[in-house]
Amino acid sequence: MTRRAYLVILLLCLGLMCPLVTGIFMDKLASKKLCADDNCVYTISLAKAEEDYNAPDCRFINIKKGQLIYVYSKLVKEKDSGEFWAGSVYGEQYEDHMGTVGYFPSSLVSEQHVYQEANKTLPTTDIDFFCE
């Protein structure tokens, strides 16, 4: 075999052993968000789901009535859009979903405890709406 053929085979093997991260950038739900800090990593509050919610796509998370959710950011409502918060579910019975951050309608939850005020207004980025 030629040197070029060996190189092609090597690159194909490496590609199969080290797959690239794949995903898609979804439409933005808002252009600004409220956070407790400049990096949007600190928990704003703990909310409780008042109703079930089935996520319509990968930007969102499923929530069940009674479930506790850590809230990390709150999207600033824009004309003709819903009001969404970003968070992750909490509780041992939801271990398989803990750590998954996604959006949910704020109208379906009630804040149980506020840890920090969401007083930092930041622009949303494409990565805020990235789906794997």
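The structure reproduced in this document is the subject of the present report. (Residues numbered from 1 in each chain as written. Predicted model: local features only at pLDDT ≥ 70, side-chain atom pairs only at ≥ 80, totals over all residues. Heavy atoms only, no water.)

Once that is clear, we can look at the layout of surface pockets. Counted as a void, the largest pocket has a volume near 240 Å³. Going through the elements one at a time, β4 (68-75), β6 (102-105) and β9 (130-131) are the ones with two or more residues in the lining of the largest pocket. Grouping the constituent residues of the lining of the largest pocket by class yields 10 nonpolar, three polar and three charged. (1 Å grid on protein atoms, 1.4 Å probe; cavity = no way out; pocket = protein on both sides within 12 Å on 5 of 7 lines; lining within 4 Å. Points joined across faces, edges and corners; volume = space filled by probe spheres on them. Helix = DSSP H or I, 4+ residues; strand = E, 2+ residues; numbered from the N terminus. Nonpolar A, V, L, I, M, F, W, Y, C, P; charged D, E, K, R; others polar.)

Not every positive phi belongs to a glycine, and C40 is a case in point at roughly 60°. Given the relative accessible area of 13%, C40 is considered buried. (Buried < 20%, exposed > 50% of the residue type's maximum accessible area, 1.4 Å probe, protein only.)

What follows covers the nonpolar core. Counting residues in hydrophobic clusters, the biggest one holds 20 residues, and the most contacted among them are I63, Y103 and F104. Counting only elements with at least two residues in this core, the list comes to β3 (45-49), β4, β5 (84-90) and β6. In terms of residue count, β5 provides more of this core than any other element does, four residues in total. Once residues lying within four places of it in the same chain are set aside, the contact partners of I63 are A49, E51, D52, Y53, I69, V89, F104 and V109. (Core = buried A, V, L, I, M, F, W, Y, C linked by side-chain atoms within 4.5 Å. Contact = heavy atoms within 4.5 Å.)

Moving on, we get to the environment of V71. Residue placement: V71 occurs in strand β4. The class of V71 is buried, set by a relative accessible area of 0%. Linking V71 and Y42, residues 29 residues apart in sequence, is a C-alpha distance of 8.8 Å. For V71, the contacting residues outside a window of four places in its chain are Y42, T43, I44, S45, A47, W85, A86, G87 and F104.

This part is about the pairing of β3. In terms of burial, β3 is a largely internal element, four of the five residues being buried. Relative to β4, β3 is paired through four bridges, and the arrangement is antiparallel. Pairing of A47 across the sheet is with I69, part of β4. Strand direction decides the pairing type here: β3 and strand β7 (residues 109-114), joined by five bridges, are antiparallel. Considered in β7, the bridge of A49 is made with V109. (Pairing = 2+ DSSP bridges.)

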